[in-house]
Amino acid sequence: MKEVGGMGNPVLWEQRGSAGYIRLNRPEQLNALNGEMLDALGGLVGRIGQNPRDIRVVLISGEGRAFCAGADLKERRTLSEQQVRRNLGKIREVFAAIEGLPQPTIAVMNGYALGGGMELALCCDFRYSIRKAQMGLTEVGLGIIPGAGGTQRLPRLLGTAKAKELILTARKIGADQALALGLLNGVAEDPEQLKGMSEALAAELLANAPLAVYQAKHAIDKGMDSDLAAGMAIEWKAYEATLATKDRLEALEAFREKRPPRFKGE
């Protein structure tokens, strides 16, 4: 893997074909988010967003036995209130950038996903977890609240009542319960199966027209923050953006010739 970041290389990056792999790399700290990791992750996500033609799907995982245990509390104890505010602002900025990527994103949750780690997973379009993983928004047990989008994204995903139950109790839940709630797209028995499940989804996404995938994601995300009439207008504008693409014409030609389409993102 190519290493991204400063001393300690807190983020690893690899591109295989059109799939990009981000791996959080602080395994001894359960991939807790410190300032260095956030800077590295933010820079990497910015470059990914500027390269949607070559990188068409992004998978995010953690090194070791955790996906991400949230903010680095050891670092936080050394910070002033002003520095804590700066770090929280950076987390929010980076997570918003991940959520705003045109490419579909898959959280590959290989272990603990707590606090900010769960909020990171919520920023992704899809979430797969190993069965033994524990996850939750546990911040109220530390005298704070989820501050990187958890109080907003979780209710939109699960509904208000269930999100309040999980957030206000600081409850940790297992993968099976998370799957039943609709928090996860799938649960794997072991790391190898987890890798296979997430890469199978990535392959399905990569088989489709990239610009159409991006526009469909955009229409869903923006429409969910709008009323139905506004959402329908967003959908129509996104549909129109696909009409002049070469990939649309290629799909019609492939249908006529009874062959798989060869999409180029044009």
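Going by the structure above, here's the rest.
Below you will find a few notes about this structure. All values derive from a computational prediction rather than experimental measurement.

The helix and strand tally for the chain stands at eleven helices and eleven strands. A globule of 266 residues ought to have a C-alpha radius of gyration of about 18 Å, and the chain, at 19 Å, matches this closely. With respect to the three principal axes, the spread of C-alpha positions in the chain is 65 × 45 × 40 Å. Across the 266 residues that make up the chain, the buried fraction comes to 44%. In the chain, of all internal contacts separated by at least 6 residues, the share reaching a separation of at least 24 is 66%. Carbon together with sulfur atoms contributes 54% to the accessible area of the chain, which is approximately 13,800 Å² in total.

Let's shift gears to the side chain of Asn 87. One can find Asn 87 in helix α3 (residues 81-99). A relative accessible area of 9% means that Asn 87 is categorised as buried. Setting aside chain neighbours within four positions, we find Asn 87 in contact with Gly 35, Leu 38, Glu 75 and Leu 79.

With that settled, consider a nonpolar patch on the surface. Side chains of Leu 73, Leu 142 and Ile 144 sit close together on the surface and give an oily, nonpolar patch of about 260 Å² of accessible area. Inspection of the secondary structure puts Leu 142 in the loop between β9 (134-136) and α5 (150-158).

Further remarks concern the packing of helix α9 (residues 210-224) against helix α10 (residues 228-243). It is the contact of α9 with α10, at a shortest axis distance of 9 Å, that shows an interaxial angle of 170 degrees. By the angle between their axes, α9 is roughly antiparallel relative to α10. Residues Ala 212, Gln 215, His 218, Ala 219, Lys 222 and Gly 223 of α9 form the contact with α10, whose participating residues are Gly 231, Ile 234, Glu 235, Ala 238, Ala 241 and Thr 242. Looking at side-chain class alone, the contact of α9 with α10 contains five nonpolar, five polar and two charged residues.

So, about the side chain of Lys 217. Note that Lys 217 resides in helix α9. Beyond its immediate stretch of four places on either side in the chain, Lys 217 contacts Glu 99, Leu 101, Pro 102, Gln 103, Pro 104, Thr 105 and Asp 125.

One way to put it is that helix α1 (residues 35-49) packs onto α3 with a least axis distance of 10 Å and a crossing angle of 30 degrees. Relative to α3, α1 is oriented roughly parallel. For α1 against α3, the interelement crossing comes out left-handed. Here α1 contributes Gly 35, Leu 38, Asp 39, Leu 41, Gly 42 and Val 45 to the contact with α3, which in turn contributes Arg 86, Asn 87, Lys 90, Ile 91, Val 94, Ala 97 and Ile 98. Considering only residue class, the contact of α1 with α3 consists of seven nonpolar, three polar and three charged.

Thresholds, definitions, all that
Residues numbered from 1 in each chain as written. Predicted model: local features only at pLDDT ≥ 70, side-chain atom pairs only at ≥ 80, totals over all residues. Heavy atoms only, no water. Helix = DSSP H or I, 4+ residues; strand = E, 2+ residues; numbered from the N terminus. Rg over C-alpha atoms; globule rule 2.2 N^0.38 Å. Buried < 20%, exposed > 50% of the residue type's maximum accessible area, 1.4 Å probe, protein only. Contact = heavy atoms within 4.5 Å. Areas by Shrake-Rupley, 256 points an atom, 1.4 Å probe, with all protein chains shown as cover. Patch = residues over 30% accessible without salt bridge, like charges linked within 9 Å, V, L, I, M, F, W, Y side chains within 5 Å. Salt bridge = Lys/Arg side-chain N within 4 Å of Asp/Glu carboxyl O. Axes fitted to C-alpha atoms, helices over the stretch in contact; angles between N-to-C directions. Parallel < 35°, antiparallel > 145°, perpendicular 65-115°, else oblique. Nonpolar A, V, L, I, M, F, W, Y, C, P; charged D, E, K, R; others polar. Left-handed = near helix turned anticlockwise from the far one by under 90°.

Everything listed is a geometric property; what it means functionally is a separate question.
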